[in-house]
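Descriptive structure summary
These are the residues of each chain, in order.
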Amino acid sequence: MSGSEITRLLGGWEGYRVGTVQRFEAGEKGPQAEIWIELLPLKRRRMRCSGCGELVSKVHDIKERWIRELPLLDAKTWLLVWRRRVRCPGCGTKLEELPWVGRYSRVTKRLAESVGRLCQVASIKHVATFFSMSWWSVKAVDKQYLAEKLGPPDIGNVNAIAMDEFAIQKGHRYATVIVEPYIKRVLWVGRGRSRESIRPFFELLGPTGCQAIKAVAMDMNGAYEAEVRAWCPDAEIVYDLFHVVMKYGREVIDPVRRAEAKRAEGDSRTRKVFKGARWLLLRNKRNIESVDDRIRLYDLLDANRNLMKVYVLKEDLKQLWDFHYPKAAKRFWKDWYRRAMQSGIEPLRRFAKRLKPYVPGILAHCRHRLHTSLLEGINNKIKVIKRMAYGFRDDAYFFLKIRAAFPGIP
Ligand SMILES: [Zn+2]
């Protein structure tokens, strides 16, 4: 079997044959063993212009280029590619198009694909170490890979959206993510959380696209709501369970727990029960798996009537999102409101009063059964992406990573 046949069988470099191959042991060129493979263009190959993709016949010049390939066995692998530039009647002087390497890329498509796949599960730093590449080249390769793989976002056939904000840097700059909630596809990500900053999405959607939107899930956020109402005449606003419960935790459970813990200061047994209680109280009851934790939660609630009340009312509040019939949900809400107002717990009364005007948006969930855990899931995933990609400072890349994490279920 000839060398070029072996190369072809292995899925090697189309249009090229192998020239000289050199191997350097660890320590000779770098800390790792290296293989250098020279690739020579096949003479009788039909060439295409990388500008327009048309067939071309004239070669302008040939230049050497060093391109990284996937490691071969144990060695870091470099290709020395004699790259042709062609003379295209339409585009002028252009690089010859090759199926296995991008136009200006310094890595083969195979390597780019591996880097991209690895970057889904590992940090840039780890991928860079693994391939012995620089942090910056891994980032550049992954960014290019994602941009090509994802293409422009598909915003057709959308009749419901869910939108949420997230922090880009701790507590400072914010961005907005907009998702198709049924198939979990990220449609758009943009800097900011004001009316103006989300406007480009609706402009992109166009009048017909906006008209098709029937439901929008969101946090109780005035800016989002105002902008949606201005663009989507038929859209109903649906408030998301996750945010309401988070708010309840911050505005009711936290202050009540703090006040009660303070009151228990003299009593060492009760104080011990309170320690680290926040986590238990905010947790979904179903997710508390360990028996010890459950006993601690019941101890805590036992020791304290007020905490018990706010805890039970939290669990009940969540049920508002389970109803199918608005009338039944409304009755349930009225009962919940009455219990909150009669609780004698000031933070709870305040919360109930503030929530009251938003109740129609909660009951709208009966008509549009959008996943209440969707925004929570996306929020958590974004946090993970941010951690893995720490130090980006590149919005475009960060947003591509978010889109890639939610490509939509076909
Ligand atoms: Zn051309």
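Throughout this description, residue numbers start from 1 for each chain and increase along the sequence as written. A pLDDT threshold of at least 70 governs which residues receive local features in this predicted model, and a stricter bar of 80 or more applies before side-chain atom pairs are shown or counted, although totals over entire chains, interfaces and linings include all residues.

**Re the overall build of the chain**
Worth spelling out the cut-off: Only runs of H or I of at least four residues qualify as helices and only runs of E of at least two qualify as strands under DSSP, and these elements are numbered from the N terminus. This radius of gyration counts C-alpha atoms alone. The globule rule is 2.2 Å times how many residues there are, raised to the power 0.38. Note on burial: count the other C-beta atoms lying within 10 Å of the residue's C-beta; 20 or more is buried, 12 or fewer is exposed, in between is partly exposed, and C-beta positions come from the backbone.
Looking only at helices and strands, the chain features 16 helices and 12 strands. In terms of C-alpha radius of gyration, the chain reaches 29 Å, well past the compact-globule figure of 22 Å for 410 residues. Across its three principal axes, the chain shows a C-alpha extent of roughly 90 × 55 × 35 Å. Going through the 410 residues of the chain one by one, you find that 28% of them count as buried.

**Describing helix α3 (residues 124-131)**
Three or four residues apart is the spacing at which side chains of an α-helix point the same way, because the helix has 3.6 residues per turn. The criterion, for reference: The directions considered for the arc run from the helix axis to the C-beta atoms. Here, residue contact means that the backbone-derived C-beta atoms of the two residues sit within 7 Å.
Every buried residue of α3 is listed here: I124, V127 and F131. Relative to the axis of α3, the buried residues are bounded by an arc of 65 degrees and lie together on one face. Those residues of α3 that are buried lie in contact with α2 (109-119) and α4 (135-150). Taken from the residues just after α3, S132 is the one with a positive phi, measuring 40 degrees.

**Thoughts on the domain arrangement of the chain**
This is how it is decided: By convention here, the domain bounds are inherited from an automatic or database domain assignment.
On domain assignment, one finds that the chain holds domain 1 (1-106), domain 2 (160-239 + 370-380) and domain 3 (241-366). Placing a centre on the C-alpha atoms of domain 2 and another on those of domain 3 gives a separation of 27 Å. Every contact between the two is made by 11 residues of domain 2 and, on the other side, 10 residues of domain 3. Put simply, the parts of the chain that give the side of domain 2 that touches domain 3 at least two residues each are β12 (236-239) and α15 (374-388). A per-element tally of the side of domain 2 that touches domain 3 places β12 first, with four residues.

**Side note on the nonpolar core**
This is how the line gets drawn: In these notes, a nonpolar core means any group of buried Ala, Val, Leu, Ile, Met, Phe, Trp, Tyr and Cys residues linked to one another through C-beta atoms within 7 Å.
Counting residues in each nonpolar core, the largest one holds 63 residues, and the members touching the most others are I161, A162, V179, V216 and V310. Here this core spans two domains, since at least three of its residues come from each of domain 2 (160-239 + 370-380) and domain 3 (241-366). Every residue in contact with V179, bar those within four places of it in the chain, is listed here: I161, A162, K184, R185, V186, L187, L374, I378 and F406. Grouped together as the second largest cluster of nonpolar side chains are 21 residues, V81, L98, V107 and Y145 included.

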